[in-house]
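Here is what each chain is made of, one letter per residue.
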Amino acid sequence: MNGGATRANSGLIAMIVAVATIGGLLFGYDSGAVNGTQPGLKAAFGLSESGLGFTVGSLLIGCFIGAFFAGTLADRMGRRNVMRIAALLFLGGALVQGFAHLQPIFVTARIIGGMAVGAASVLSPAYISEVAPANIRGRMTTVQQIMIISGLTAAFVVNYYLAAAAGASTEKLGGLEAWRWMYLMQAIPAAVFLAALFLIPESPRFLVSKGREGEAEIVLTRLFGADTAATKLAEIRASFSADHRPQLRDIMDPVKGGIRPVVWAGLLLAVFQQLVGINVIFYYGSTLWQLAGFTEADSLLINIVSGVVSIGACLVTVALVDRIGRKPLLLIGSAGMAVTLFGLVYAFSQGSLDAAGKLQLSPQLGTIAVIAANLYVIFFNLSWGPVMWVMLGEMFPNQIRGSALAVCGFAQWFANYLVAQSFPVMAAKLGLATSYTFYAVCAVISFFLVQKFIHETKGKELEEMTG
């Protein structure tokens with residue numbers, strides 16, 4: 001089917017991509033929403049810095065649980081059905097977070113919403129990879145990251161106007177504090193996601209794995225036409241083991257023992273995408289800039305600018321990922337992130353402390369910090385942001401895709417949780433300069449790990465993946 005994009009049903013593929021990636025938008029929206037709600041959370045629940053870190057990071061507890069079980073559940077129930085469950089969970093979680101007046105209830109709802117986010121995050125790119133032609137698969141899967149950043153940016157804009165309308169995020173608007181509206185607004189895209197999932201077909205590769213080849217051929221015919229469908233059905237059938245259905249133990253190497261090398265490579269991508277510190281910007285951007293001396297209003301505006309430039313960077317990736325490949329983009333991103341993170345380290349290390357012990361930056365250092373942070377965000381969204389999801393969705397053989405995604409998705413979200421949980425304490429105890437030095441060093445390490453362990457997947461059919 002190489003080169004078959006022109007014969008594919010581009011309208012149906014576009015609709016599938018648009019629907020599947022709403023899950024990414026939900027994750028992005030929540031990440032952006034929590035960015036502006038932290039003063040409200042601290043005031044409502046009387047949180048310490050470590051308590052704030054746990055409350056914010058509790059979503060990620062749900063994320064790594066949802067990501068781990070989503071892959072294996074999707075092998076049993078189907079990609080589409082598990083995403084429907086995720087949409088329901090996110091909808092309920094958003095409503096409860098907005099109305100909760102007790103921290104345990106808020107945290108429970110946040111964990112439930114996180115389970116939905118984790119499930120959607122691993123299934124959306126996998127589902128897209130399983131229906132898109134090989135020569136445009138990278139571009140289609142990159143839409144996942146665009147939706148994440150679009151969700152972030154939308155939340156930044158909504159947060160800004162809600163806080164402005166109320167006077168501050170802790171003030172009331174229409175009977176509720178503005179920060180509560182920031183969570184309640186998430187119910188809108190969640191409801192859209194749930195409804196839209198009834199409009200798209202099940203993955204043909206899942207259908208083949210369950211012996212439902214007649215249904216798979218119908219979907220493949222809708223996607224690529226009758227002639228290509230018959231050939232593709234035979235290729236998919238041959239890629240599955242005849243003696244058993246996909247299961248978690250398939251990630252183990254049947255000859256050498258231990259975890260398969262391709263799964264180790266996936267784990268590397270999943271973990272280092274978080275260790276470079278991107279979600280410190282996502283979750284704590286507003287807090288970070290206030291630590292650096294900016295007002296709450298200015299901090300929310302900086303977040304919006306970061307979101308806009310992130311979308312622009314992702315659009316560049318759409319143009320390049322199927323031309324120059326995945327690995328070159330990862331290397332460019334690692335190098336760029338390392339340089340810009342060390343730029344942030346320089347700005348923060350040159351700042352002074354006020355009488356209360358808070359960091360202050362001069363106007364010149366503040367400008368350096370803002371420029372370095374936005375360049376860092378550009379490099380991330382040009383590379384590791386979208387490309388990790390592209391590769392996790394396509395790099396594993398059909399037989400182990402669900403199981404490998406379960407393990408790598410768990411690792412990605414667990415690393416995400418550790419970063420989110422640790423940053424407030426690191427910033428308070430060690431300072432921003434030391435904290436960002438850690439992320440910069442991880443970016444340097446990621447460059448050499450990609451060079452050695454990551455293999456290019458550009459233009460390959462899923463049935464060609466080995467490991």
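Here the structure is shown first, and the text comes after it.
Criteria and thresholds
- Residues numbered from 1 in each chain as written.
- Predicted model: local features only at pLDDT ≥ 70, side-chain atom pairs only at ≥ 80, totals over all residues.
- Heavy atoms only, no water.
- Helix = DSSP H or I, 4+ residues; strand = E, 2+ residues; numbered from the N terminus.
- Expected span 1.5 Å × (residues − 1).
- Buried < 20%, exposed > 50% of the residue type's maximum accessible area, 1.4 Å probe, protein only.
- Arc of directions from axis to C-beta.
- Contact = heavy atoms within 4.5 Å.
- Axes fitted to C-alpha atoms, helices over the stretch in contact; angles between N-to-C directions.
- Parallel < 35°, antiparallel > 145°, perpendicular 65-115°, else oblique.
- Left-handed = near helix turned anticlockwise from the far one by under 90°.
- Nonpolar A, V, L, I, M, F, W, Y, C, P; charged D, E, K, R; others polar.
- Salt bridge = Lys/Arg side-chain N within 4 Å of Asp/Glu carboxyl O.

Colleague: I'm lost on helix 11 (residues 226-239) in this one. Help?
Modeller: Owing to its 3.6 residues per turn, the α-helix aligns residues three or four sequence positions apart on the same side. Under the 1.5 Å per step criterion, the end-to-end length of helix 11 is 20 Å for 14 residues, consistent within 8% with the ideal 20 Å. Along helix 11, the positions that sit buried rather than exposed are T228, A229, K232, L233 and I236. Buried positions in helix 11, seen along its axis, are confined to an arc of 135° and lie on one side of it. Away from its buried face by more than 90 degrees, helix 11 exposes D227 and A238. Check the buried side of helix 11 and you find it contacts helix 9 (204-209) and helix 10 (213-224).

Colleague: Quick question: what am I supposed to make of the packing of helix 5 (residues 103-131) against helix 18 (residues 401-429) here?
Modeller: The angle between the axes and the distance between the axes are what describe a pair of packed helices. Relative to each other, helix 5 and helix 18 sit at 140°, their axes nearing to 10 Å. Compared by their axis directions, helix 5 and helix 18 come out oblique. Crossing geometry of helix 5 relative to helix 18 is assigned as right-handed. Across from V117, G118, S121, V122, A126 and E130 in helix 5, the residues of helix 18 making contact are R401, L405, G409 and W413. Along the lines of polarity and charge, the residues of the contact of helix 5 with helix 18 split into 5 nonpolar, 3 polar and 2 charged.

Colleague: Got a minute to help me understand the environment of A154 in this structure?
Modeller: As for its placement among the helices and strands, A154 is situated in helix 6 (residues 137-166). Through-space distance from the C-alpha of A154 to that of G28 is 8.7 Å; in sequence the pair is 126 residues apart.

Colleague: Explanation requested: the pattern of salt bridges in the structure shown.
Modeller: Should the charged atoms of two oppositely charged side chains come close, the side chains can pair. Counted according to the given criterion, the structure contains 11 salt bridges. Put simply, E130 and R401 hold a salt bridge, and the shortest N to O gap is 3.0 Å. Of the two residues, E130 is situated in helix 5 and R401 in helix 18; the sequence distance between them amounts to 271 residues. As far as the burial class goes, E130 and R401 line up, both buried. For E394, the salt bridge identified is with R137, shortest N-O distance 2.5 Å. Residue E394 is located in helix 17 (residues 384-394), and its partner R137 is located in helix 6; the two are separated by 257 residues in the primary sequence. Each member of the pair, E394 as well as R137, carries the same accessibility label: buried. Each of R137, R139, D322, R326 and E394 takes part in a single network of salt bridges with overlapping partners.

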